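The primary structure of each chain is shown beneath.
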Amino acid sequence: MAYSWVHKDRGELRIYENMNELSTDLADYIAELSEVSVKERGVFTIALSGGSLIGLMGKLCEAPYSKTVDWAKWHIFWADERVVAKNHSDSNYKLAKDSLLSKVPVVPSHVHSINDTVTAEEAADEYGFVIRQLVKTRVISVSDISDCPKFDLILLGMGSDGHVASLFPNHSALEEKNEWVTFITDSPKPPPERITFTLPVINSASNVAVVITGGDKAEALHLAIDDVGPGEDFPTLPARMVQPSKGKLVWFLDKPAALKLDCCQFSE
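Presented here is a report on the structure given in the accompanying data block. Given the structure is predicted, the values throughout are model-derived calculations rather than measurements.

Once that is clear, we can look at the nonpolar core. Ile 30, Met 57 and Phe 197 are the most contacted members of the largest nonpolar core, which has 92 residues in total. Top contributing element to this core by residue count: helix α1 (residues 19-41), with eight residues. Setting aside residues up to four positions removed in sequence, Ile 30 forms contacts with Phe 44, Ile 46, Met 57, Leu 60, Trp 74, Leu 153 and Leu 155.

Right, let's get into α1. With 23 residues, α1 extends 32 Å between its outermost C-alpha atoms, agreeing within 8% with the 33 Å of an ideal straight helix rising 1.5 Å per residue. The set of residues buried in α1 consists of Leu 22, Ser 23, Leu 26, Ala 27, Tyr 29, Ile 30, Ala 31, Leu 33, Ser 34, Ser 37 and Val 38. Among the residues of α1, the N-terminal cap falls to Asn 18, whose side-chain oxygen and the backbone nitrogen of Asn 20 are separated by 3.1 Å. At the exit of α1 stands Gly 42, carrying a positive phi of roughly 85 degrees.

Quick look at the packing of aromatic side chains now. The way to describe two aromatic rings as a pair is by their centre distance and the angle between their planes. Tallied over the full model, the rule gives seven aromatic pairs. Consider the rings of Tyr 29 and Phe 252, whose centres lie 5.1 Å apart with planes at 65 degrees: the pair is edge-to-face. Taken together, the positions of Tyr 29 in helix α1 and Phe 252 in strand β12 (residues 248-254) put the pair 223 residues apart, joining distant regions of the chain. Take Tyr 29 and Phe 252: they sit in the same class, and that class is buried.

Rules and cut-offs
- Residues numbered from 1 in each chain as written.
- Predicted model: local features only at pLDDT ≥ 70, side-chain atom pairs only at ≥ 80, totals over all residues.
- Heavy atoms only, no water.
- Core = buried A, V, L, I, M, F, W, Y, C linked by side-chain atoms within 4.5 Å.
- Buried < 20%, exposed > 50% of the residue type's maximum accessible area, 1.4 Å probe, protein only.
- Helix = DSSP H or I, 4+ residues; strand = E, 2+ residues; numbered from the N terminus.
- Contact = heavy atoms within 4.5 Å.
- Expected span 1.5 Å × (residues − 1).
- Polar contact = N/O pair within 3.5 Å; in protein donor to acceptor, adjacent residues only side chain to side chain.
- Phe/Tyr/Trp six-rings, centres within 6.5 Å; stacked < 30°, edge-to-face > 60°.

Okay, here's the thing in structure tokens:
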């Protein structure tokens, strides 16, 4: 059984006994949002990240989702991407294609990947332009409190340092307020060149889900969710800066990741 708890200002926390429970509930959650969005707008806009998140979405390739999800209405984006060739092992696009997109009937022209033949700066500019065009045609909704795109769902993971997408602690990209997509050339984790959605775009989404597993994330998750006073030792983590202005925030967690949360003191 999953344990669910609503934090007063950090969204809903769902904590699972095992990966199978988590991945099943994640598939249910995504499928339900897809159904609602397709009914309301005729499309479903979803932004993915890399890492273990994609593997945890694998249930979507299986029954019943493989048949019941209206895949033709999906438009797929990346909240961050490594600026490498699409067939490179570090590519988030390749990971998603191999593990998910090649196994379900998505429309190829609805898969919006970055241009992998240009610099990080150019790739970010081009991706921002693609998104702007799709906002103009109302494929992507627009926020009613800013001019930012309003994705139906942005899926994020979190690193043990508290980074989300390719927004790393103490990095200037966290301060970007004007661009929808920015770039970095000095990622603390290889490869160094990446593009990433900015915080205003992430926080304009209708729904944001952060999927975190493993005990190595427990301390960062504690700092991202619990009421810890600002301290010199703990700069504000990017994960704590994920705070949808009008959308819903849900955290999908396994027990080891949740071990240090104030709300969840588990008995062994």
